[in-house]
Amino acid sequence: MELQVRIAYETAEMLELLKEYYQEHNEINFTKGEVLSKAILDTYDTWKETDWNKILNLPITLDKEYEISSGALRPKFQISKNIEPKIEELKKMIQKSVNTNYVTIGSAIKFVLRLAIYEFQNKNDISVETVIFEILDSFDQKDISAETKNVLKEFVNEIMIKLEVNDLL
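Rules behind the numbers
- Residues numbered from 1 in each chain as written.
- Predicted model: local features only at pLDDT ≥ 70, side-chain atom pairs only at ≥ 80, totals over all residues.
- Heavy atoms only, no water.
- Helix = DSSP H or I, 4+ residues; strand = E, 2+ residues; numbered from the N terminus.
- Buried < 20%, exposed > 50% of the residue type's maximum accessible area, 1.4 Å probe, protein only.
- Phe/Tyr/Trp six-rings, centres within 6.5 Å; stacked < 30°, edge-to-face > 60°.
- Lys NZ or Arg CZ within 6 Å of the ring centre and 35° of its normal.

Peer 1: For this particular structure, what's the right way to read the environment of asparagine 99?
Peer 2: Mapped onto the elements, asparagine 99 comes out in the loop between helix H3 (84-98) and helix H4 (105-121). Linking asparagine 99 and asparagine 53, residues 46 residues apart in sequence, is a C-alpha distance of 9.0 Å.

The following block contains the structure:
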């Protein structure tokens with residue numbers, strides 16, 4: 001299904017940011033329709049708990065200025081048939097939450113893209129490695145002897161090697 005919609009400049013920038021993010025993390029190229037579909041599917045489980053009144057105030061960072069052409073403000077999205085009802089569902093949820101009579105598809109896209117960006121920018125990637133090195137850094141900042149710090153570093157290095165050898169990292 002083809003969906004052509006008018007979007008705001010900020011929405012076009014968010015679309016470009018998500019496209020870059022998805023391509024970088026999946027190592028494949030994405031069309032704008034695929035970016036929209038992925039954003040919808042990635043955030044769908046959180047829609048019911050989302051306070052749509054606050055979405056536009058969520059802090060997100062656009063890392064750079066994107067060069068947006070006038071044609072990019074009227075994109076044509078190729079989306080699958082199972083995405084279309086989700087867009088309608090999203091529009092109804094936003095409409096009810098924001099207490100308005102009508103929500104455009106362009107507005108719904110802006111809301112879902114902002115939510116997807118917020119989620120990936122605020123995701124805490126906690127790993128065993130991160131935890132171990134954070135603890136080691138905290139010991140490094142304490143007033144302990146250099147000998148103790150070296151023993152701790154050797155200990156951490158041995159743990160990391162064992163974890164890696166056993167495919168636990």
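Picking up after the structure, the text goes on.
Peer 1: Sorry if this is basic, but what is going on with the environment of asparagine 150 here?
Peer 2: Tracing the backbone through its elements, the reader meets asparagine 150 in helix H6 (residues 146-165). A residue is classified by how much of its surface remains accessible, and asparagine 150, at 44% relative accessible area, is partly exposed. When the C-alpha atoms of asparagine 150 and aspartate 140 are compared, they prove to be 9.4 Å apart, with 10 residues separating the residues in sequence.

Peer 1: Help me out: how do you make sense of the packing of aromatic side chains in this one?
Peer 2: What characterises a pair of aromatic rings is the spacing of the ring centres plus the angle enclosed by the ring planes. In the structure shown here, the tally under the stated rule is 6 aromatic pairs. Arranged with centres 3.7 Å apart and planes meeting at 10°, the rings of tyrosine 21 and phenylalanine 120 form a pair that is stacked. Of the two residues, tyrosine 21 sits in helix H1 (residues 9-26) while phenylalanine 120 sits in helix H4, which places them 99 residues apart along the sequence. A relative accessible area of 16% means that tyrosine 21 is categorised as buried. Aromatic rings pair up to connect Tyr21, Tyr22, Phe30 and Phe120 into one cluster. Above the plane of the ring of phenylalanine 139 lies lysine 142, whose end atom (NZ or CZ) is 4.7 Å from the centre.

So far we have only geometry, and geometry alone does not tell us how the molecule works.
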